[in-house]
Amino acid sequence: MTTAFSESVGIALRVNGEPVSARVEARRHLIDFLRLDLGLTGAHAGCEHGVCGACTVQVDGLIVRGCLMLAVQADGCDVWTIEGQSDTGAIRDLQDAFIARNALQCGFCTPGMLAACADLLAHDPAPSRAVIREHISGNYCRCTGYEAIVDAVEQVAARRGASPRAAE
Amino acid sequence: MTLNLSDLDRPNSYIGRTVPRPNAARLVEGRGQYVDDIVLPRMVHVAFYRSPYAHARIGAIETEAAAKVPGVLRIFTGADVAAICTPWVAVLAHLKGLKSAPQHAIAVERATWVGEPVVAVVAQTRAAAEDGVAALSVRFEPLPVVADMETALAPETPLIHPELGDNLVFHRLHEKGEVDAAFASAAHVVEATFHTGRHTGVCMEPRSILASYSRPENQLTVHHSTQAPHMMQTIFAKHLDLPEGNVRVICGDVGGSYGIKVHVYPDEMAVAAIAKAMARPVKFVADRLESFASDIHARDHRIKGRMGVDGEGRIVALEIDDLTGIGPYSVYPRTSAIEGNQVVNLCGGPYDFQTYRAQTTVVLQNKTPTCQYRAVGHPIATAVTEGLVDLAAEAAGLDPAEIRRRNLVADDAYPYTSAANMRFEGLSHHASLEKLLKLMDYDALRAEQATLRKQGIHRGIGLASFIELTNPSPFMYGIGGARISAQDGCTVRMDPDGSVVALSGVTEQGQGTDTILAQVVAEGVGVPIDRVRVITGDTQVTPYGGGTWASRGAGIGGEAALQAGLALRESILTIAAAMLQAEAGSLDVVAGEIVDKATGQARMPLAELGRIVYFRGDTLPKGLPRELVATRHFITSDYPFAFTNGAQASLVEVDVETGFVRLLKHWCVEDCGRIINPQLVDEQIRGGIVQGIGGALYEHCLYSEDGQLMTANMADYLVPMAAEMPDMVIGHVETPTRESLLGAKGAGEAGTAGAPAAIMNAINDALKPFSTRVAAMPFTPERILAALGTVPARRL
Ligand code: FES
Ligand code: FES
């Protein structure tokens, strides 16, 4: 079986705004490519079967699970990880709110959680608490109990000037 | 020197304030460094072939095909590793009669649970190592499986370790007072049988280790996702035959631990042994399936309880019979008997009565080993006690709040010794309960409940008082012979620029330990908090200590840090006095400046003092002590443990058609003594509550009869997610411990300790109109429907 899977494929993509070209094994997952080949260890592998959300990164503007996408599928894509988003300041307010509200403890789920929260706010600038809870329900956090995360997202929505919708 | 810690307006006041965590800035940018993020030159990877059988003799291991897999370097069997790493037996001398069998890093001859490591494959990459594992073939001869703890001691049940003579690991009977007579005299006797499901911690960062060995230095360096680096240093040294000083354990960022990462894991010992054998860095990171099968499990208990109350509803007697299955080995070095022992120690803990009989029976099974997980024994003891208290209230015709008022140990009764012989220094059960009832507006909720019930909406309100064991002394492990430090130390040092470095033996795993240490040191020395850098998690650098367990970081590590900080301040003042030709007593350190104590007038910045001491020491008087560094250690001595207390309440709605439980709100009032950082304490409690809720409603390591774990991945083993969780209201009562100047007790277990009991009582309160109840966690829809008679009850 090893020969069947050991084929490597050339890919070219943009990661955090920079061009990257590499040869990767066909079976390499995007999260492993980012972590092991590019040293971008911000996003984590928590389950490797699509359940925990720790590996969430942005590909062509959409959030995806890095453990369910192969690196070769990202050929030609525009990939953003927490490191790149931090450097551009794209989600600085959300990160600051996480710090202020202690919406992280061990921080292992946090990069994936931030990706999910940023995605929510991009599509719904004034989510209710219930909507926030619903949206991040694909992301495990074993430390915080989630409430601080919900508070942080709510705060950012308010600060960005959107008035919160009534709870549904 | 003393501090008036209750005055938040004093200069340099950080203790008692919410300040942000310095390490959070790094973590939100994805710049944490967990073990799996570390790459060392010539690093190799290990993957394990794990037993697919719960109990089997290991026959021939065919390695030829695996060895040919590209990238595979070496293959280690149990015998190979046993030549490098000695086996261990996890017993403690003070738990009389506790026994276990020698356990190897990799199974030798026999596998005793599904997931036990059988072969290790070392390769250039993890993927290649897994390819190698897939190419192995191992012949097994299945043996009879001991799965059911209820029959583990039956004569016809096979023995897991025949040399032990039976499957009994530990039995303890505790008795105080005339129990039978008290029950005979009771106006009401209530009884029930409770079950708590097997759980596991599901740390988001799986267990991870990267061990490297330098042959010329005979030095083992281990990057380890652990809670107890010094304990691991001692253990690696002992079992790999190295001098303790030649082992360095480093734990940087740890992605959650909750007690799961305070144990010795066979696969991790194997990795260290392989690193020694190969003299190169070896990494192992458990994948999620391995985590479920090999991280310790916990809380697999069946408890029969009986409570007697008099005509006024006062408790006259309590009897507990606890049975727990721990897997095939007692886990090293803390032992798996501690959880059952805690159940005996903690049952009835908040209540004023002195007639108590309790026993725990700890048996072997062919399942993943169990050991300590967050709030060891607490959720079990609290659920049983609080469940019985609610039953007694019903029998005596009292409201659940009222029966607690009548029975909780009075707030002025301390010091108090419980029926289980636990000594309490100062608790606040009544103040906590009253605050809780007020926070939740108990009476209004009861009225609303009655109205809704008429409309067919079934809400329940559950209360639970609890005690929490924190700040343990050597009475927990040390007296039993385990080399687990109950003391901790802190070294505080001032550098030339006036900044301060604090090195502590306690560790950071996300609770915010580094932050509270910085707060305490900043206040103790007298510098702004951003001038303090805290270093933890490196055994070569920090004072020897216990690390993180039993909520000891603030109470033990914090006090050591405070005392070290105060000692450094004294040294600074002695030197400053010589420089300024003043009395040391007339000076103070405030916000990084030497000031005149009486007027507050600035005399000299610390950086100037640093410049003189380090670069112009010639200008200071000869013989002046000039150490700008101080180390202090702390251990509790008057009480074996600093008990904390609190009360929780839960509001739930039970859908009697579907059996689903909706959590509407949760409250917790907790007394952890001095609060160092209110936000961090609240978030510890919230996180803990959610883990408790998980145990009450979702989490369950379910096994088949032949010992296969059926909930072995994140999709099958349910944990609480954001959408199901309620908002939580947290309140505090502060009763500082007099054992230390700081006065802090622990707060890490409280949430987990009380939540399952509160949820259980709330569900049963909701089910009251149907005259039925549930007592087996998790309270799944199926179990609730079975209690309602809608579906047949299945065996647990
Ligand atoms: S690692 Fe991808 S969802 Fe868990
Ligand atoms: S902060 Fe630890 S898992 Fe979320």
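Quantities reported herein were computed from a predicted structural model and do not represent experimental measurements.

Caption draft 1: Highlighting the nonpolar core. Among the nonpolar cores identified, the biggest contains 217 residues, and Leu94 and Phe98 of chain A together with Leu220, Phe236, Tyr356, Met440 and Ile763 of chain B are the most heavily contacted of them. Excluding residues within four positions of it along the chain, Ile763 of chain B makes contact with Val652, Val654, Val661, Leu697, Val774, Phe779 and Ile784 of chain B. By size, the runner-up hydrophobic cluster in this structure holds 51 residues, among which are Val19, Met494, Leu566 and Val613 of chain B.

Caption draft 2: The arrangement of the interface of chain A and chain B in detail. Taken together, the contact between chain A and chain B spans 50 residues of the former and 55 residues of the latter. For the chain A and chain B pair, buried surface summed over both sides reaches about 4200 Å², with 53% attributable to carbon and sulfur atoms. On the chain A side of the contact with chain B, Gln105, Tyr140 and Arg142 of chain A bury the most area, a combined 20% of that side's loss. Scanning the region where chain A abuts chain B turns up 10 salt bridges. In this structure, Asp36 of chain B engages Arg35 of chain A in a salt bridge whose closest nitrogen and oxygen atoms are separated by 3.1 Å. Those elements giving two or more residues to the side of chain A that touches chain B turn out to be helix H3 (82–88), helix H4 (92–100), helix H5 (110–123), helix H6 (129–135) and helix H7 (147–159) of chain A. Per-element accounting of the side of chain A that touches chain B gives the leading share, 5 residues, to H4 of chain A. Looking at side-chain class alone, the side of chain A that touches chain B contains 21 nonpolar, 17 polar and 12 charged residues.

Caption draft 3: The pattern of salt bridges, seen in detail. The final tally for this structure, using the stated rule, is 58 salt bridges over all chains. Salt-bridge contacts for Arg662 of chain B lead to Glu653 of chain B; the nearest nitrogen and oxygen are separated by 3.7 Å. We classify Glu653 of chain B as buried; its relative accessible area is 18%. Salt bridges sharing partners connect three or more residues here, namely Arg101, Arg129, Arg133, Glu147, Asp151 and Glu154 of chain A together with Glu683, Arg686 and Asp727 of chain B.

Caption draft 4: The sheet that holds strand E3 (residues 72–77) of chain B, seen in detail. All names here are of chain B. As summarised here, the arrangement of the 7 strands in space is E3-E5-E1-E13-E10-E11-E12, forming an open sheet in which the pairing is mixed. Every interior strand has two partners, whereas the edge strands, E3 and strand E12 (247–250), have only one. Each adjacent strand pair in this sheet contributes to an overall mean axis angle of 20°, direction not counted. The sheet contact formed by E3 and strand E5 (residues 117–123) spans 5 bridges and is antiparallel. Directly across from Thr77, in E5, lies its bridge partner Val119. Packed on one face of the sheet, helix H4 (residues 126–135) meets strand E1 (44–50), E3, E5 and strand E13 (282–285) and runs near 30° to E1.

Caption draft 5: Local environment of the environment of Pro736 of chain B. Residues and elements named next belong to chain B. Counting through the fold element by element, Pro736 comes out in the loop between strand E30 (728–732) and helix H18 (750–766). Judged by relative accessible area, Pro736 falls into the partly exposed class, the value being 32%. A C-alpha to C-alpha distance of 59 Å links Pro736 and Gly59, two positions 677 residues apart in sequence. Setting aside anything within four residues of it in sequence, one finds Pro736 in contact with Gly673, Arg674, Gly743 and Lys745.

Caption draft 6: Molecular detail of the side chain of Ser225 of chain B. Residues and elements named next belong to chain B. Within the element layout of this structure, Ser225 appears in the loop between strand E11 (219–224) and helix H6 (229–239). Here the side chain of Ser225 touches Glu205 through a polar contact of 2.6 Å, side chain to side chain. In this structure the side chain of Ser225 is engaged in a polar contact, spanning 3.1 Å, whose partner is the side chain of Lys261. Those residues in contact with Ser225 that sit more than four places away from it in its chain are Val35, Glu205, Ser208, Val254 and Lys261.

Caption draft 7: Structural detail: helix H11 (residues 400–407) of chain B. Residues and elements named next belong to chain B. Residues of H11 that are buried include every one of Pro400, Ala401, Ile403, Arg404 and Asn407, and no others. Taken end-on, H11 shows its buried residues confined to a sector of 165°, consistent with a single buried face. If you follow the buried residues of H11, they end up packed against strand E16 (315–325), helix H10 (378–396), helix H12 (429–440), helix H13 (442–454), strand E20 (458–470) and H18.

Caption draft 8: Focus on the side chain of Thr711 of chain B. Residue and element names in this part refer to chain B. Checked against the element boundaries, Thr711 lands in the loop between helix H17 (678–697) and E30. Classification of Thr711 by relative accessible area gives buried; the value is 9%. A polar atom in the side chain of Thr711 sits 2.8 Å from the backbone oxygen of His700. Among the polar contacts listed, one links the side chain of Thr711 to the backbone nitrogen of Leu702, at a separation of 3.0 Å. Not counting the four nearest positions on each side in its chain, Thr711 is found in contact with Phe292, His700, Cys701, Leu702, Asp716 and Tyr717.

Caption draft 9: Spotlight on the packing of H6 of chain B against helix H7 (residues 266–278) of chain B. Residue and element names in this part refer to chain B. Put simply, H6 and H7 touch, their axes get as near as 11 Å, and they point 60° apart. Taken as axis vectors, H6 and H7 run oblique relative to one another. Considering how the two elements wind past one another, H6 and H7 form a crossing that is right-handed. For the pair H6 and H7, the contacting residues are Met232, Ile235, Phe236 and His239 in the first and Glu268, Met269 and Ala272 in the second.

Thresholds applied
- Residues numbered from 1 in each chain as written.
- Chains lettered and ligands numbered in written order.
- Predicted model: local features only at pLDDT ≥ 70, side-chain atom pairs only at ≥ 80, totals over all residues.
- Heavy atoms only, no water.
- Core = buried A, V, L, I, M, F, W, Y, C linked by side-chain atoms within 4.5 Å.
- Buried < 20%, exposed > 50% of the residue type's maximum accessible area, 1.4 Å probe, protein only.
- Contact = heavy atoms within 4.5 Å.
- Buried area = accessible area lost by both parts, 1.4 Å probe.
- Salt bridge = Lys/Arg side-chain N within 4 Å of Asp/Glu carboxyl O.
- Helix = DSSP H or I, 4+ residues; strand = E, 2+ residues; numbered from the N terminus.
- Nonpolar A, V, L, I, M, F, W, Y, C, P; charged D, E, K, R; others polar.
- Pairing = 2+ DSSP bridges.
- Axes fitted to C-alpha atoms, helices over the stretch in contact; angles between N-to-C directions.
- Polar contact = N/O pair within 3.5 Å; in protein donor to acceptor, adjacent residues only side chain to side chain.
- Arc of directions from axis to C-beta.
- Parallel < 35°, antiparallel > 145°, perpendicular 65-115°, else oblique.
- Left-handed = near helix turned anticlockwise from the far one by under 90°.

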